[in-house]
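# Observations on chain architecture
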Amino acid sequence: MAALACTLAVSTACRNEEVKVDRSPLPTVATPPYLCDHIPLKAVELMTGVRNPLVRGHFDLTYPGDLDDGSCVIYQRDGERWKVLLINLTPDGSPEEIKEQLEDGALPLPEIIPGAIGSYFKASDSTSNDAYALLVRGKAALSIQLEIGVAGRDNAADVLALMKLIAPKLLTDASAPPATTTSPSPSPTKE
């Protein structure tokens, strides 16, 4: 009887302990190991709380037509194996979509890449701590969809930080719109 009481006391104490949330900021420099060759594992683990996640996908940075594409999907390893993070690179970006998101209350992304426009937000009515970011440059669009974030972290800040880490590599110069600057006319020389 005493053993049963101790077991119940220990199991109750374990359930009452709070799980410590790692509120460390995401890294500011992308370092290996990488998921899908471009997504820093450390950043994914911090923002999703998933250690050693299941991963599917890849990015083709030599897509025909000078635009890149691909995706990386990260899943929980245990239980139902829910999708926790999706990163998409597509050749069908639209600045109008960003403008609509900003009008609907999304925050503007700071300049990450010259000529790019973006937004990010955290869903206000969500129980899964989801957050989203979208960056468009020319026709290329890079989106980050945090489907299940860590409770107690700033999930919107996490998608912003991840965008800063991966966009410079995934949105290449080929995605930029053609230059529209004109060269200056030669000025007459004085003799």
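All values derive from a computational prediction rather than experimental measurement. (Residues numbered from 1 in each chain as written. Predicted model: local features only at pLDDT ≥ 70, side-chain atom pairs only at ≥ 80, totals over all residues. Heavy atoms only, no water.)

### Observations concerning a negative patch on the surface
This is how it is decided: Each patch groups residues whose relative accessible area exceeds 30% and which form no salt bridge, using 9 Å between like charges and 5 Å between nonpolar side chains of Val, Leu, Ile, Met, Phe, Trp and Tyr. Calculation of accessible area relied on Shrake-Rupley with a 1.4 Å probe; when residues are assessed, cover is drawn exclusively from the protein chains displayed. For this analysis, a salt bridge means a side-chain nitrogen from Lys or Arg found within 4 Å of a carboxyl oxygen belonging to Asp or Glu. We count Lys and Arg on the positive side and Asp and Glu on the negative side, and we leave His and both chain ends out. Charge positions are represented by NZ for Lys, CZ for Arg, CG for Asp and CD for Glu. Numbering of helices and strands runs from the N terminus; a helix is a DSSP stretch of H or I covering at least four residues, while a strand is a stretch of E covering at least two.
Taken together, the side chains of D92, E96, E97, E100, E103 and D104 present a region of like negative charge at the surface. Mapped onto the elements, E97 comes out in helix α3 (residues 95-103).

### Here we look at the layout of surface pockets
This is how the line gets drawn: Two kinds of site are reported from a 1 Å grid over the protein atoms alone, namely cavities, where a 1.4 Å probe fits but cannot get out, and pockets, open sets with protein on both sides within 12 Å along at least five of seven lines, and residues are called lining when an atom falls within 4 Å of a point. Grid points are joined across faces, edges and corners, and a volume is the space filled by probe spheres set on the points. Residue polarity follows a fixed list, in which Ala, Val, Leu, Ile, Met, Phe, Trp, Tyr, Cys and Pro are nonpolar, Asp, Glu, Lys and Arg are charged, and the others, Gly among them, are polar.
Approximately 220 Å³ is the volume found for the largest pocket. Lining the largest pocket we find 18 residues, and of these E97, Q101, L134, S143 and Q145 sit closest to its centre. Mapped by element, the contributors of at least two residues to the lining of the largest pocket are β5 (83-90), α3, β7 (116-122), β8 (131-137) and β9 (140-146). The biggest single contributor to the lining of the largest pocket is β9, with five residues. Of the residues that constitute the lining of the largest pocket, the class distribution is eight nonpolar, eight polar and two charged.

### Digging into the pattern of salt bridges
Keep this limit in mind: Burial classes: relative accessible area under 20% of the type maximum marks a residue as buried, over 50% as exposed, and values in between as partly exposed (1.4 Å probe, protein chains only).
A full pass over the atoms with the stated rule returns one salt bridge. When the shortest N-O distance is used, the salt bridge between D158 and R153 registers 2.8 Å. Each member of the pair, D158 as well as R153, is classed as buried.

### Topic: the environment of L135
Positionally, L135 belongs in strand β8. Under the relative-accessibility criterion, L135 is labelled buried at 1%. The sequence separation of L135 and P95 amounts to 40 residues, and the corresponding C-alpha distance is 8.8 Å.

### Considering the side chain of T48
Threshold: By the criterion applied in these results, polar contacts are pairs of N or O atoms within 3.5 Å in which, for protein atoms, one can donate a hydrogen and the other can accept it, and in which residues neighboring in sequence qualify only through two side-chain atoms. The criterion used for residue contact is that any of the two residues' heavy atoms lie within 4.5 Å.
By the secondary structure assignment, T48 is in helix α2 (residues 41-48). One polar contact links the side chain of T48 to the main-chain carbonyl oxygen of V44, over a distance of 2.7 Å. A distance of 3.1 Å separates a polar side-chain atom of T48 from the backbone nitrogen of V50. Those residues in contact with T48, other than ones at most four positions away along the chain, are V84, L85, L146, I148 and V150.

### Concerning the confidence of the model for the protein chain
The test is simple: What pLDDT conveys is the predictor's confidence in a given residue, as a value from 0 to 100.
For the protein chain, the mean per-residue pLDDT works out to 82, and 77% of the residues sit at or above 70. Confidence scores differ between elements of the protein chain, with helix α1 (residues 2-16) showing the lowest mean pLDDT of 45 and strand β6 (residues 107-108) the highest of 98. Per-residue pLDDT stays below 50 along residues 4-17; that stretch engages in zero contacts with residues further than four places along the chain or on separate chains. In the predicted structure, residues 176-191 sits below a pLDDT of 50 and forms three contacts with residues beyond four places in sequence or in another chain.

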